[in-house]
Amino acid sequence: MKLDIAKFDVKSLDENNIKEIKVRLDELYILLEKYDNAYYQNDDSMISDAEYDELKNEGLALEKILKDYNASINVGQVDLFGGDSSSSAEKVLGYDKIGKKVGAKVVKAGFSKITLPVSMLSLGNIYNEEDLRDFVSRIEKDLIGKKFGKDFQVIAEPKIDGLGFSARYKLDEKSGMMVYDWASTRGDGQVGEDITLNLKTISDDILPKKFKAPEGMTSVELRGEVYIDTKDFEELNARQEEKGEKVFSTPRNAAAGSLRQLDVSVTAKRPLKLFVYTYGEVNGKNSFDGGDSEAVNYWSSQDEFLEFAKANGFAVCSDVIIEGRSLTFDSSSVSELLEFYEFILENRYKIPFDIDGMVYKVADLESQFKLGFVARAPRWAMAHKFPAEKAMTKVEEITLQVGRTGVITPVAELDPVNMGGVIVSRATLHNFDEIDRLDVRVGDVVLIERAGDVIPKVLEVKLDKREEGSEKFVRPEVCPVCGTKLARKKDGEVALRCTNLNCPAQILAKLKYFVSKAAFNIDGLSIKQLESFYKKAWLKSCVDVFRLGQYRDDMIKLDGFGLKSVEKLFASIDASRKISLDRFIYALAIPQVGAATSRLLAEKFETLDALKEASFNELVSIEGIGDLMAEDIIAYFHNEDSLSQINELLSEVEVMIQERGADVNAENPMFDKSVVFTGTLQKMGRKEAQEKARELLGAKPQGSVSAKTDFLVYGASAGSKLKKAQDLGVITLTEDEFFEMVEKYS
Ligand code: IVH
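Remember, predicted model here, so these are calculated numbers, not experimental data. (Residues numbered from 1 in each chain as written. Predicted model: local features only at pLDDT ≥ 70, side-chain atom pairs only at ≥ 80, totals over all residues. Heavy atoms only, no water.)

A. Just the overall build of the chain, in detail. Check the secondary structure of the chain and you find 25 helices and 30 strands. Taken against the 2.2 N^0.38 rule, which gives 27 Å for 746 residues, the C-alpha radius of gyration of the chain at 30 Å falls within 12% of a compact globule. In the chain, which comprises 746 residues, the share counted as buried stands at 46%. At a minimum sequence separation of 6, the contacts of the chain that also span at least 24 residues come to 66%. On the chain, roughly 37,000 Å² of surface is accessible, and the fraction owed to carbon and sulfur atoms is 50%. One finds the centroid of the 101 positive side-chain charges in the chain at a distance of 1 Å from the centroid of its 125 negative side-chain charges. (Helix = DSSP H or I, 4+ residues; strand = E, 2+ residues; numbered from the N terminus. Rg over C-alpha atoms; globule rule 2.2 N^0.38 Å. Buried < 20%, exposed > 50% of the residue type's maximum accessible area, 1.4 Å probe, protein only. Contact = heavy atoms within 4.5 Å. Areas by Shrake-Rupley, 256 points an atom, 1.4 Å probe, with all protein chains shown as cover. Lys, Arg positive; Asp, Glu negative; His and termini not counted. Charge placed at Lys NZ, Arg CZ, Asp CG, Glu CD.)

B. Molecular detail of the pairing of strand S14 (residues 355-362). For S14, the buried fraction is high: 8 of the 8 residues fall into the buried class. Bridging between strand S3 (residues 154-160) and S14 involves 7 bridges; their strand directions are antiparallel. In the sheet register, Ala 156 faces S14, and the bridge partner there is Tyr 360. Of the pairings in the sheet, the one linking S14 to strand S17 (residues 381-385) comprises 5 bridges and is antiparallel in character. Paired with Met 358 across the strands is His 384, a residue of S17. (Pairing = 2+ DSSP bridges.)

C. Representation of helix H4 (residues 129-142) within the structure. In a regular helix each residue adds 1.5 Å, so 14 residues correspond to 20 Å; H4 covers 20 Å between its end C-alpha atoms and thus fits that length. Listed as buried for H4 are Leu 132, Phe 135, Val 136, Ile 139 and Glu 140. Along the axis of H4, the buried residues cluster in a sector spanning 135 degrees; they form a single face. In H4, the exposed residues that point more than 90 degrees away from the buried face are Glu 130 and Lys 141. On its buried face, H4 is in contact with strand S2 (124-126), helix H10 (334-346), S14, helix H11 (365-371) and S17. Taking the backbone nitrogen of Glu 130 as reference, a side-chain oxygen 3.2 Å away marks Asn 128 as the first, capping residue of H4. (Expected span 1.5 Å × (residues − 1). Arc of directions from axis to C-beta. Polar contact = N/O pair within 3.5 Å; in protein donor to acceptor, adjacent residues only side chain to side chain.)

D. View of the nonpolar core. Grouped together as the largest cluster of nonpolar side chains are 83 residues, with contacts concentrated most on Tyr 169, Leu 199, Trp 299 and Tyr 360. Element by element, the count of residues in this core is highest for H10, at 7 residues. Ranked by size, the runner-up nonpolar core spans 55 residues in total, among them Ala 519, Val 543, Val 566 and Ala 602. (Core = buried A, V, L, I, M, F, W, Y, C linked by side-chain atoms within 4.5 Å.)

E. View of the site of the ligand. Neighbouring the ligand are 14 residues; Glu 157, Ile 160, Glu 225, Tyr 277 and Lys 361 lie closest to it. Glu 157 places a polar side-chain atom, nitrogen or oxygen, 2.9 Å from a nitrogen atom of the ligand. Protein burial of the ligand: of its 530 Å² of free accessible surface, 89% is covered by the chains. When residues of the shell around the ligand are traced back to their parent elements, those giving at least two are S3 and S14. If one sorts the elements of the shell around the ligand by residue count, S3 sits on top with 4 residues. (Near = heavy atom within 4 Å.)

F. Seen up close, the environment of Val 179. Note on placement: Val 179 falls in strand S5 (residues 177-185). By relative accessible area, Val 179 is classed as partly exposed at 28%. Separated by 28 residues in sequence, Val 179 and Asp 151 place their C-alpha atoms 37 Å apart. Those residues within four positions of Val 179 in sequence are excluded, and the remaining contacts are Arg 168, Tyr 169, Lys 170, Asp 172, Lys 209 and Lys 210.

G. Local environment of empty space enclosed by the protein. By the definition in use, this model includes 1 cavity of 30 Å³ or more. The wall of the largest cavity is formed by Asp 161, Gly 162, Tyr 227, Ile 228, Pro 251, Arg 252, Ala 255, Phe 353 and Asp 354. Of all the secondary structure elements, the ones that give two or more residues to the lining of the largest cavity are strand S8 (219-228) and helix H7 (251-259). Considering every element that reaches the lining of the largest cavity, the biggest residue donor is H7, with 3 residues. Per-class residue counts for the lining of the largest cavity are 5 nonpolar, 1 polar and 3 charged. (1 Å grid on protein atoms, 1.4 Å probe; cavity = no way out; pocket = protein on both sides within 12 Å on 5 of 7 lines; lining within 4 Å. Points joined across faces, edges and corners; volume = space filled by probe spheres on them. Nonpolar A, V, L, I, M, F, W, Y, C, P; charged D, E, K, R; others polar.)

H. Representation of the packing of H4 against H10. Where H4 contacts H10, the axes come no closer than 11 Å and their chain directions differ by 135 degrees. Classified by the angle their axes make, H4 and H10 are oblique. Relative to H10, H4 is oriented so that their crossing is right-handed. Of H10, the residues touching H4 (which contributes Glu 129, Leu 132, Arg 133 and Val 136) are Val 334, Leu 337 and Leu 338. Class assignment of the residues belonging to the contact of H4 with H10 gives a composition of 5 nonpolar, no polar and 2 charged. (Axes fitted to C-alpha atoms, helices over the stretch in contact; angles between N-to-C directions. Parallel < 35°, antiparallel > 145°, perpendicular 65-115°, else oblique. Left-handed = near helix turned anticlockwise from the far one by under 90°.)

I. Focus on unusual backbone geometry. One non-glycine residue, Glu 323, lies in the positive phi region at around 50 degrees. Secondary-structure assignment places Glu 323 in the loop between strand S11 (321-322) and strand S12 (325-326). Taking relative accessible area as the criterion, Glu 323 reaches 53% and is therefore assigned exposed. Although it is not a glycine, Asn 521 adopts a positive phi angle of roughly 50 degrees.

J. Local environment of the pattern of salt bridges. Applying the stated criterion across every chain, the model contains 39 salt bridges. The partner of Lys 150 in a salt bridge is Asp 151, with the nearest N and O atoms 3.7 Å apart. Classification of Asp 151 by relative accessible area gives partly exposed; the value is 32%. Here Arg 325 makes a salt bridge to Glu 339, at a shortest N to O gap of 3.3 Å. Separated by 14 residues along the polypeptide, Arg 325 in strand S12 and Glu 339 in helix H10 bring together distant segments of the chain. You can call Glu 339 partly exposed: its relative accessible area is 42%. Through salt bridges with shared partners, a single ionic network connects Asp 439, Arg 441, Asp 444, Arg 466 and Lys 472. (Salt bridge = Lys/Arg side-chain N within 4 Å of Asp/Glu carboxyl O.)

K. Region of interest: the sheet that holds S2. Here 5 strands make up an open sheet; going across it, the order is S2-S17-S14-S3-S13 and the pairing mixed. Every other strand in the sheet has two partners, leaving S2 and strand S13 (329-331) as the edge strands with one partner each. Across this sheet, the average inter-strand angle for adjacent strands is 35 degrees, counted without regard to direction.

L. Representation of the environment of Gly 110 in the model. As for its position among the elements, Gly 110 is in the loop between helix H3 (97-108) and strand S1 (113-115). Remark: the alpha-carbon pair of Gly 110 and Asp 356, spanning 246 residues in sequence, is separated by 31 Å.

M. Region of the structure containing the packing of helix H13 (residues 504-515) against helix H14 (residues 527-535). Contact geometry for H13 and H14: axes closest at 10 Å, N-to-C directions at 130 degrees. With respect to H14, the element H13 is oriented oblique. H14 is crossed by H13, and the crossing has right-handed handedness. When H13 is examined against H14, the residues Pro 504, Ile 507, Leu 508, Leu 511, Lys 512 and Val 515 are found in contact with a partner set consisting of Ile 527, Leu 530, Glu 531 and Tyr 534. Classifying every residue of the contact of H13 with H14 by side-chain character gives 8 nonpolar, no polar and 2 charged.

N. Up close: the pairing of strand S30 (residues 731-734). As judged from the 4 bridges shared by strand S29 (residues 711-714) and S30, these two strands associate in the parallel manner. For Tyr 714, the partnering residue across the bridge sits in S30 and is Thr 734. Each parallel crossover has a hand, and for S29 linked through helix H24 (residues 720-728) to S30 it is right-handed. (Right-handed = clockwise from strand over helix to strand, strands pointing away.)

This is the structure:
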């Protein structure tokens, strides 16, 4: 529970006050840690920025009270006149975690940049045996007449889950030594952060700072991965915890946090290690460019490169032995590669550091030169990732969430479990049919899966571990918040909904959605504030957000609000009164209509009036809108309640006519055409390219390929979408061809 900070007076804090503050701070530490982990580990914002800031500021204020209190005790102790009551009090220590962290963040801002002489690339992915066979046969095809095993070999290396780095050495003519010059992180692949001093702290038997220059070598860039051993990671965390400092969620996270420290003395104390596995420039030349490379003077294959690095004192993972086998393996057949992959996967837990897959590289340089690169990845190498992480844990409780459309989602509250370093304590159960299918019960041991950024889910119940007397989960009949009877919207629909449009949980979820970034984008209305304004009946429906002005004076008097934040809030509300049509449509929360569909609708109809009149046929003619969605859209615009809600909103806000980018040349081939982007683009991310297509060519970017797709633009490692597009006879363009088109018509 949020504390009323104003009630604490540092001069007269009593034991109860201190206890209250400590309890709340402990609670805040857990919450903030959870949100930080979700954000930094899973790219998942569990709460809005404003809500996060609110918690952080509350924590800072409480920490400050304790700090002032501690200082007041000091004063008491040096009071020569004695008799000060505070001199008998004890200091409250260890309650400064948030303050420390805020300080640390500021420091991080100041790394200088290094432009990498040769880009640091990424790798395409392989997921199964078929992909691996495709990879090998594509190479055989490209290396005309050459066969895997006979004419070229593939080396398999572990994919280390750390941070890429590049370290440059240059010749010191006097001593004839190659001397450590600078080091950089991978950054965006072209420009990284200067970590010269940080990497320098790594011991010489892992990263020598000089080595004897081979004949003719004037400079070399050695590249690899910085990591922390799993055991060292645990010890580091134990130490951090003891000191009351940040505990890291994964070894990778700890390595990143330790390396990217402006205060190098901190890096020096951390147990960082590294492996070298590739190179960049050699003698000022791009070593991947067959015509130019000078790397061939020193090694002619990846194996020889690893030998070179090892001979000069660098740590390489071919040296690590597990069950009598090296972590790198030269192979001459797909089955050998798969056998090695399985071996490493099985013995993964015996490896002292985290790896997240294997990397296969065509070994000899001449073949690599012939194969070259596609966009940001080499054609001669691929990453074979390990499957999603699974874990077993216990279901403590099954809770119910009420969404903005009233849909009830059951959630398994779990005994927290560490999955690849991330603490997981909840998993979605999707819906009640899923609970029945799995027969999940409170107290059950379940197998859960967490794949990438996806919300963890329950895969199966371990029935042999079920406790006696466990009870089958009973579907709720009424809404957990308002008690209204639950129902299905249509026969056959899986979701159970609360049908009470006035259900507080639904209204709050709607309000939250209405003010969210993709809708009206109003800053300063956290869920807490929405809740409190709702309770005061200042917000009864979404349009009330624009009528909050009448409560301005009362608002200023509220706890934790104040004049400044109230002013900020109203500035944000006023700025949102002019809104583009697509955001407006999104904010209406029409069932099934998300941000992408809202944009499609806005672009097609251009005005709200036109959209209101849209016919079923007009709607389904839009790529990306199916029959069911069209029905929902029509139903929405033919409903009295929604129309009056729209009219009320229009009395407060102005919806702008949708612009399709200022002056698009309608003669261009992509104008009004649907286009799909796939694969890895070199020049920019896919989202940005979609934006360009929309803004500059008036195209309509889509997510998936179908018979209605007009163009497909593909980058590196394009997979099934490209094949499907070719099969359907969709026009396919390379990334370069697409940008030529942009150049020509914009
Ligand atoms: S080779 C052109 N080898 O994985 C060569 N990369 O997804 C590209 N990585 O950014 C890299 N272990 O940071 C290579 N044995 C290994 C690796 C490895 C980890 C990382 C690397 C890269 C990412 C590519």
